[in-house]
Amino acid sequence: MNRRFVLASIATLSAGQAFAQKLSPAAEAPSAVTDARQKHIKETMAYGSLSLLLSRMAKPKVTHPLLKQFVDFEIAEQETVADALKAIQTNAKPSGSIPSPSDAELMQNLDDAGKASVEKLRALKAGSEFDRDYLRYEVEGHRKLLDIQEVYLKSPDNLDETNVAKLARGMIKEHLALLADIDKAA
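Keep in mind the model is a prediction, meaning the values are calculated, not measured. (Residues numbered from 1 in each chain as written. Predicted model: local features only at pLDDT ≥ 70, side-chain atom pairs only at ≥ 80, totals over all residues. Heavy atoms only, no water.)

Draft legend 1. A look at unusual backbone geometry. In this model, asparagine 91 sits at a positive phi of 55 degrees, which is unusual for a non-glycine residue. Its place among the elements puts asparagine 91 in the loop between α3 (65-90) and α4 (103-107). When its relative accessible area of 53% is taken as the criterion, asparagine 91 is described as exposed. (Helix = DSSP H or I, 4+ residues; strand = E, 2+ residues; numbered from the N terminus. Buried < 20%, exposed > 50% of the residue type's maximum accessible area, 1.4 Å probe, protein only.)

Here it is in structure tokens:
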């Protein structure tokens, strides 16, 4: 009789554990970075890094008051988007702070054309020519960033990255409208 009781207890324990495992949610594994996601992050980081570098460079040099305001908006936007994408890419723990990447880190994200744009703008002195070239670079870069977000959003495959792309798309459209207004006022 005791042997039956022991066997029944073991069977009940095993079945109970199996049932509990089915009921408890499994720990969610980090989602794999697909080619589409990797391309979206890489391209957004490249054009965002260029915009951030140019805006940092422009901060002491721009002369138009609205363009000065834009520089501050752009720096904040690009640092935030870069931090969010880096966190998604590395599966980082949530943080309320936004670290500011160094210029050297940003330069690593640029292709040769981006590096040439940085050097060209760096060589210009403050004044209307600098303002005009910075404005042109920002419009071109924002158009490219908008295209990158829209391409990814046609077939999104990750909730966090999709939300970043949606928010970035909205900010990019606002910045393009602001840049157009600045261009008209200049």
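That was the structure; now back to the text.
Draft legend 2. Examining the packing of aromatic side chains more closely. Under the counting rule described, the total for this entry stands at 2 aromatic pairs. When the ring of phenylalanine 130 is compared with that of tyrosine 134, the centres are 6.5 Å apart and the planes differ by 10 degrees; the resulting orientation is stacked. Pair noted here: phenylalanine 130 and tyrosine 134 are both in helix α6 (residues 128-154), with a separation of 4 residues, about one helical turn. Like tyrosine 134, phenylalanine 130 is buried. Put simply, the rings of Phe70, Phe130 and Tyr134 touch in pairs and so form one group of aromatic residues. One cation-aromatic arrangement involves arginine 136 over tyrosine 137; the distance from NZ or CZ to the ring centre is 4.7 Å. (Phe/Tyr/Trp six-rings, centres within 6.5 Å; stacked < 30°, edge-to-face > 60°. Lys NZ or Arg CZ within 6 Å of the ring centre and 35° of its normal.)

Draft legend 3. The pattern of salt bridges, seen in detail. The final tally for this structure, using the stated rule, is 9 salt bridges. Ionic pairing is found between arginine 37 and glutamate 161, a salt bridge with its closest N-O pair at 2.9 Å. With arginine 37 in helix α2 (residues 35-58) and glutamate 161 in helix α7 (residues 159-185), this residue pair connects regions lying 124 residues apart in the sequence. Both residues of the pair, arginine 37 and glutamate 161, belong to the buried class. Residues participating in the shared-partner salt-bridge network are Lys120, Asp133, Arg136 and Glu140. (Salt bridge = Lys/Arg side-chain N within 4 Å of Asp/Glu carboxyl O.)

Draft legend 4. Geometry of α7. Here α7 spans 39 Å end to end across 27 residues, near enough to the 39 Å set by a 1.5 Å rise per residue. Among the residues of α7, those classed as buried are Glu161, Thr162, Val164, Ala165, Ala168, Ile172, His175, Leu176, Leu179 and Ile182. Check the buried side of α7 and you find it contacts α2, α3 and α6. Looking at where α7 begins, the residue whose side-chain oxygen comes 3.1 Å from the main-chain nitrogen of aspartate 160 is asparagine 158. (Expected span 1.5 Å × (residues − 1). Contact = heavy atoms within 4.5 Å. Polar contact = N/O pair within 3.5 Å; in protein donor to acceptor, adjacent residues only side chain to side chain.)

Draft legend 5. Structural detail: the packing of α2 against α3. Their axes nearest at 9 Å, the elements α2 and α3 cross at an angle of 150 degrees. Between α2 and α3, the angle is such that the two are roughly antiparallel. Seen along the crossing, α2 lies across α3 with a hand that is left-handed. Taken together, the residues of α3 that come into contact with α2 (itself represented by Arg37, Gln38, His40, Ile41, Thr44, Met45, Gly48, Ser51, Leu52, Ser55, Arg56 and Ala58) are Val71, Glu74, Ile75, Gln78, Glu79, Val81, Ala82, Leu85, Ile88 and Gln89. (Axes fitted to C-alpha atoms, helices over the stretch in contact; angles between N-to-C directions. Parallel < 35°, antiparallel > 145°, perpendicular 65-115°, else oblique. Left-handed = near helix turned anticlockwise from the far one by under 90°.)

Draft legend 6. How the structure looks around the packing of α2 against helix α5 (residues 112-123). In contact at an axis separation of 10 Å, α2 and α5 are set at 10 degrees when each is read in the N-to-C sense. If you check the angle between α2 and α5, you find them roughly parallel. When α2 is examined against α5, the residues Leu50, Leu53, Leu54 and Met57 are found in contact with a partner set consisting of Gly114, Ser117, Val118, Leu121 and Arg122. Of the residues contributing to the contact of α2 with α5, the split by class is 6 nonpolar, 2 polar and 1 charged. (Nonpolar A, V, L, I, M, F, W, Y, C, P; charged D, E, K, R; others polar.)

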